[in-house]
Amino acid sequence: MSEISKAYEPASVEERWYGEWIKEGCFTADPASAKPGFSIVIPPPNVTGVLTLGHVLNNTLQDILARRARQTGHEVLWLPGTDHAGIATQTVVERQLRKEEGQTRRDLGREAFLERVWTWKEKHGGIIIKQLKRLGCSCDWARERFTMDADYSRQVQEVFVKLHARGLIYRGKRMVNWCPASQTALSDEEVIMKPAKGKLYVMRYEVAEEPGTFLEIATTRPETLMGDTAVAVHPDDPRYTRLVGQHAVRPFPRAEIPIVADTHIDMTFGTGVLKVTPAHDKADFEIGLRHDLPVIDVMNADGTLNESAGPDFAGMERFAARDLAVQKLEEMGLLVRVEEYDNNVGFSERADVPIEPRLSEQWFLRYPQVPAALDAVVSGRIRFVPGRWAKIYEHWMTNIQDWCISRQLWWGHRIPVWYRKDDPSVMHVGMDAPVDAEHWRQDEDVLDTWFSSWLWPFATMDGAVRQKFYPTNDLVTGPDIIFFWVARMIMAGLEFTGEVPFKNVFFTSIIRDLKGRKMSKSLGNSPDPLDLMAKYGADGLRFGLMRIAPHGQDVRFDENQIKEGRNFANKLWNAARFREMQGESAPGKSLEEQNLSPYSVALLVAFDTMHAGYRRALDEFHFHEAAALLYEFFWNTYCDWYVESSKAELAAGGEAAEGVRAVMDHVLSGYLRLLHPFMPHITEELWSRLGFARGEGKSAMILFAAPPPEDSLPQVAAEEKVRASNAVQAVYDAVRSVRGLRAEFKVPANRECAIYLVRDPALAGLDLSVFRLLAKASQLGEPGAGEPPKKMPHTPTPLGEVYLDLEIDVVAERKRLASEMAKVDAEIAKVKAKLSDESFVRGAPTQVLGTFKQREEDWQAKRFKLEAVLNSL
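Given the structure is predicted, the values throughout are model-derived calculations rather than measurements.

With that settled, the discussion passes to the overall build of the protein chain. For the protein chain, the count of helices and strands is 27 helices and 29 strands. If one aligns the C-alpha atoms of the protein chain with their principal axes, the spans along those axes are about 115 × 70 × 55 Å. For the protein chain, the proportion of its 873 residues judged to be buried stands at 52%. Of the contacts formed within the protein chain by residues at least 6 apart in sequence, a portion of 77% connects residues at least 24 apart. Summed over its atoms, the accessible surface of the protein chain is roughly 39,000 Å², and 51% of this surface lies on carbon and sulfur atoms. Between the mean site of the 107 positive side-chain charges and the mean site of the 123 negative ones, the protein chain shows a separation of 3 Å.

Here is the structure:
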């Protein structure tokens, strides 16, 4: 290839190498391979979706695992696909239909509408897949699946039929969560509780048998009072015992309803009196069953009120009806007061509207394999990372409720149940319609989207693939779907394959902005990942994000860190270019045969130490730690210290330069392999340009290159490695001290000055040429008898006492330093005054308090440095 260019252009490099990987079939898994298998199934994004930072984080982590597994000799299957997203997709197409044609799905009819959805899917459904490819994801695209594929759909229906035959799926009229916007039932997991500032309305119902006697009732939903069929009190509440068995007057539509006693009532909440609306509250429904109360449903499926609510309310939107109900109560003198009230309100996850409890005929599933699925995690057969999520999983599994699996949609897997037209009580459950299909009507509902997704780890694989790659190794997902998806997949895997579906589950963090807010379009704090990749490259985005994604904590997104990812790519590029400029290494000569300086030995020891930490970090899914180790080693240890210290040996030529080139090749070759899972494109490019690639096609790629050896210098004794590392560290620490002293006395970074060193006798044999080079010493003196004049600025270092031969006005310098110290003391006094103010400490947020404490430490450290410089004069 051509020589490494001066500037790194990520766009062209990333596009070229991704094309090469695809052309060579690098991501296609071979079920017949003799290599050990490694597999991950992608959490299928919605077919309606576009790439978000959450997707970038999740899929970068999966790609790191997949690419590392290829390097460690595994046959890798990373299986991609998309979810049909029943509610979301149908909503998008219905909205488009209304906007462009002024029609509803019912105007078109079921078959024609579904054709429209498939057309939309073919046109827009692949957007997120293209974006994942832009990110560099090494998925087996030849095996991309969709939850509405014919084969997958058939498996979903087979599961329904089998579970129904076992008595685990049943149909019943139950109170469900209802979304008025999508007009479908929702499972408990699809309801998001949000804090809301509402109102508590205290009204009064007259006791029918005792005119003038009233019961005060507190409610947050006066719009449902038209469906009240009883008033309930606690049987032990002395205030109301005598009234049990009598009747209260419902104001509108006016009716006398019984006063019943029920232990469900909380005597301490409100007035201790509850209006019972069995059709519109789960707890009220249970009370209604216990007392055989009638059920009056006053609401339509779309959230408007129906005729049962009375002529004043029929057709009215539910929240408008609330206002009218309050107005009527006030006009009738039955509204006692209205209080501000903070409570949690359930919202539809997809439509983001308040849900309604609704009595509805639905299909339900009694979960299979619950004890076994719980034991799989508790016993450690499946490892949750971070481990705290195991407790949350355990709590949910021990309080599990039957799953409402039917949805009142058209887009999805239609329920495989048919009813006789002449007798709907006769039901047929099967994969196909009965032979005399014209006499049967299929159930209109479809299955919950998650009912297909819970089969994803095995239903996506054919027999040969499943034999090689199932159970999968790792699952990377968000903790918000631990119940939606993770728990259900474990139960499905155990039920239908007899095995757990995966061995490890890594739960990603939530990405927030620097203020701690969730990313959202409405807040304008959610950058487009494609824009970030255009500015910083896919590798820059990946590596920058990994560095700010701490294990088990939320990510505080900062675009400057993504910029740092791009800067790191530039640093890597320039370091590779520097190596290329030094010429080729001597052919046929191994690292062990080279005459290595202590600086080279110390670098190789540091590389091995970093490599060991990197392995431990990734084995424990500590991706952030692995990224930090890679960054720190390359930017500081290699570039800032070794490359600079090696310039003298390179300039000298001969064996010394040959040794440096060999060490650079060893380290760069190994480092690129370790960095590859994080930054795949640039590492593949430099692997090729630096001549590390061997062979042709796939075999030449870093994608399949084995990791570097764990010990770079097996022939060197451990004691020798420690001795070299300590000596080199002493030189580097001494250089830091000299640079600090030069900075304090405003010596320009590029200006040389004479240095005197009173050397530590223990380091008498150490070559100081590197120290002189890095400390910018025009000359390095080691006085024999006596010491240099004390008026020179000096500082203790691991090499001994160092003096800078500077021409300075000592009196003026002392005066300047004293003035600076006075300013620092004033700042310290301000901070101390704030921290000693009890009211401030008591009321300040933890983050603010931490900032002030850190500020005090920083000012104290600055004072210590100034004092040391002053003393050196």
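Within the element layout of this structure, Val326 appears in helix α9 (residues 318-331). Placed 108 residues apart in sequence, Val326 and Pro434 show a C-alpha to C-alpha distance of 54 Å.

Turning to the sheet that holds strand β5 (residues 169-179), a few remarks are in order. Read across the open sheet, the four strands follow the order β6-β5-β14-β16; overall the sheet is antiparallel. For this open sheet the edge positions go to β6 (184-186) and β16 (403-404), each flanked by a neighbour on one side alone. Examined bridge by bridge, strand β14 (residues 356-365) and β16 share two bridges and lie antiparallel to one another. Counted as the bridge partner of Phe364 is Cys404 from β16.

Counting buried positions over the 10 residues of β14 gives nine, a clear majority of the element. With 10 bridges connecting them, β5 and β14 associate as antiparallel partners. Pairing of Tyr170 across the sheet is with Phe364, part of β14.

It is at 9 Å that the axes of helix α20 (residues 623-652) and helix α21 (residues 654-675) come closest, and there the two elements cross at 165°. Here α20 is positioned roughly antiparallel relative to α21, judged by the angle of their axes. Crossing geometry of α20 relative to α21 is assigned as left-handed. Along the contact surface, α20 presents Leu630, Tyr631, Phe633, Phe634, Tyr638, Tyr642, Val643, Ser646, Glu649, Leu650 and Ala652, while α21 presents Gly654, Ala656, Ala657, Val660, Arg661, Val663, Met664, Val667, Leu668, Tyr671, Leu674 and Leu675. The residue makeup of the contact of α20 with α21, split by class, is 19 nonpolar, two polar and two charged.

When the terminal C-alpha atoms of helix α2 (residues 53-71) are compared, their 27 Å separation across 19 residues agrees well with the 27 Å that a helix rising 1.5 Å per residue should span. Buried residues dominate α2, accounting for 17 of its 19 residues. Just beyond α2, the residue with positive phi is Gly73, at close to 90°.

What follows concerns the packing of helix α10 (residues 370-378) against helix α11 (residues 389-397). Running from N to C, α10 and α11 cross one another at 165°; their axes reach a closest spacing of 10 Å. One element, α10, and the other, α11, form an angle in the roughly antiparallel class. Regarding α10 and α11, the two cross each other, and that crossing is left-handed. Touching Val370, Ala373, Leu374, Val377 and Val378 of α10 are Ala390, Tyr393, Glu394 and Met397, all from α11. Looking at the contact of α10 with α11, its residues break down into eight nonpolar, no polar and one charged.

In this structure, the second largest pocket encloses a volume near 1,200 Å³. Surrounding the second largest pocket, 42 residues form its lining, Thr220, Arg221, Asp281, Asn343 and Asn344 being those nearest its centre. Of all the elements in the fold, those that place two or more residues in the lining of the second largest pocket are β7 (191-207), β8 (214-219), β12 (273-276), α8 (282-291), α9, β13 (335-348) and β14.

With that settled, consider the packing of aromatic side chains. Across all of its chains, the model carries 44 aromatic pairs by this definition. Between Tyr367 and Trp396 the ring centres are 6.1 Å apart and the planes differ by 70°, which places this aromatic pair in the edge-to-face class. Taken together, the positions of Tyr367 in the loop between β14 and α10 and Trp396 in helix α11 put the pair 29 residues apart, joining distant regions of the chain. Trp396 carries the same exposure label as Tyr367, and that label is buried. With centroids separated by 4.7 Å and ring planes inclined at 20°, the aromatic side chains of Phe634 and Tyr671 adopt a geometry described as stacked. One end of the pair, Phe634, is in helix α20; the other, Tyr671, is in helix α21, with 37 residues separating them in the sequence. Judged by its relative accessible area of 0%, Phe634 is buried. Here the aromatic cluster, defined as three or more aromatic residues joined through ring pairs, consists of Phe543, Phe568, Phe607, Tyr614, Tyr631, Phe633, Phe634, Trp635, Tyr638, Tyr642, Tyr671 and Phe678. The ring of Trp635 is capped by Lys571, whose NZ or CZ atom sits 4.6 Å from the centre of that ring.

This paragraph deals with the nonpolar core. Judged by nonpolar contacts, the single largest core of 195 residues is most densely connected at Phe384, Phe451, Tyr638 and Phe678. Per element, the largest residue contribution to this core is 13 residues, and it comes from α20. By size, the runner-up hydrophobic cluster in this structure holds 26 residues, among which are Leu225, Tyr240, Ile259 and Val273.

Further remarks concern empty space enclosed by the protein. For the structure on display, the rule yields two cavities of 30 Å³ or more. Empty space within the largest cavity amounts to approximately 90 Å³. Looking at the largest cavity, it is lined by 14 residues, and the ones nearest its centre are Leu61, Phe506, Ser509, Ala549 and Pro550. Residues that form the lining of the largest cavity fall into these classes: eight nonpolar, six polar and no charged. Taken as a whole, the second largest cavity holds about 40 Å³ of empty space.

When the charged atoms of two side chains with opposite charge come close together, those side chains can pair. Under the definition given, this model contains 52 salt bridges. Across the pair Lys832 and Glu856 runs a salt bridge, and its minimum N-O distance is 3.1 Å. Of this pair, Lys832 sits in helix α25 (residues 810-835) while Glu856 sits in helix α27 (residues 846-872), and the two are 24 residues apart along the sequence. Taking relative accessible area as the criterion, Lys832 reaches 42% and is therefore assigned partly exposed.

With that settled, consider unusual backbone geometry. In this chain, Val385 is followed by Pro386 through a cis amide linkage whose omega measures -5°. Relative to the helices and strands, Pro386 resides in the loop between β15 (383-385) and α11. Here the residue pair Tyr470 and Pro471 is connected by a cis peptide bond, since its omega of 0° sits within 30 degrees of zero. Positionally, Pro471 belongs in the loop between α14 (463-469) and β22 (472-477).

Below, the discussion takes up the sheet that holds strand β20 (residues 440-442). Where strands meet in a sheet, backbone hydrogen bonds hold them as pairs that are either parallel or antiparallel. Overall, antiparallel pairing links the three strands, which are arranged β19-β18-β20 in an open sheet. The open sheet has two edge strands with one neighbour each: β19 (427-429) and β20. Averaged over all pairs of adjacent strands, the angle between strand axes in this sheet comes to 30°, irrespective of strand direction. Looking at chain direction, strand β18 (residues 417-420) and β20 are connected through three bridges and run antiparallel. Opposite Tyr419, over in β20, you have Arg441 as the bridge partner.

What follows covers the environment of Arg723. Tracing the chain through its elements places Arg723 in helix α23 (residues 718-744). Relative accessible area serves as the criterion here: at 52%, Arg723 is assigned to the exposed category. Along the backbone, Arg723 and Pro598 are 125 residues apart, and their C-alpha atoms lie at a distance of 8.6 Å. A polar atom in the side chain of Arg723 sits 2.7 Å from the side chain of Glu720.

As for its position among the elements, Arg542 is in helix α17 (residues 538-547). We classify Arg542 as buried; its relative accessible area is 0%. At a separation of 3.0 Å, a polar atom in the side chain of Arg542 contacts the main-chain carbonyl oxygen of Phe678. Ignoring any residue separated from it by four or fewer positions in sequence, one finds Arg542 in contact with Thr60, Asp63, Arg67, Leu135, Gly136, Cys137, Pro677, Phe678 and Pro680.

The rules behind the values
- Residues numbered from 1 in each chain as written.
- Predicted model: local features only at pLDDT ≥ 70, side-chain atom pairs only at ≥ 80, totals over all residues.
- Heavy atoms only, no water.
- Helix = DSSP H or I, 4+ residues; strand = E, 2+ residues; numbered from the N terminus.
- Buried < 20%, exposed > 50% of the residue type's maximum accessible area, 1.4 Å probe, protein only.
- Contact = heavy atoms within 4.5 Å.
- Areas by Shrake-Rupley, 256 points an atom, 1.4 Å probe, with all protein chains shown as cover.
- Lys, Arg positive; Asp, Glu negative; His and termini not counted.
- Charge placed at Lys NZ, Arg CZ, Asp CG, Glu CD.
- Pairing = 2+ DSSP bridges.
- Axes fitted to C-alpha atoms, helices over the stretch in contact; angles between N-to-C directions.
- Parallel < 35°, antiparallel > 145°, perpendicular 65-115°, else oblique.
- Left-handed = near helix turned anticlockwise from the far one by under 90°.
- Nonpolar A, V, L, I, M, F, W, Y, C, P; charged D, E, K, R; others polar.
- Expected span 1.5 Å × (residues − 1).
- 1 Å grid on protein atoms, 1.4 Å probe; cavity = no way out; pocket = protein on both sides within 12 Å on 5 of 7 lines; lining within 4 Å.
- Points joined across faces, edges and corners; volume = space filled by probe spheres on them.
- Phe/Tyr/Trp six-rings, centres within 6.5 Å; stacked < 30°, edge-to-face > 60°.
- Lys NZ or Arg CZ within 6 Å of the ring centre and 35° of its normal.
- Core = buried A, V, L, I, M, F, W, Y, C linked by side-chain atoms within 4.5 Å.
- Salt bridge = Lys/Arg side-chain N within 4 Å of Asp/Glu carboxyl O.
- Polar contact = N/O pair within 3.5 Å; in protein donor to acceptor, adjacent residues only side chain to side chain.

That is the geometry; function is a separate question.
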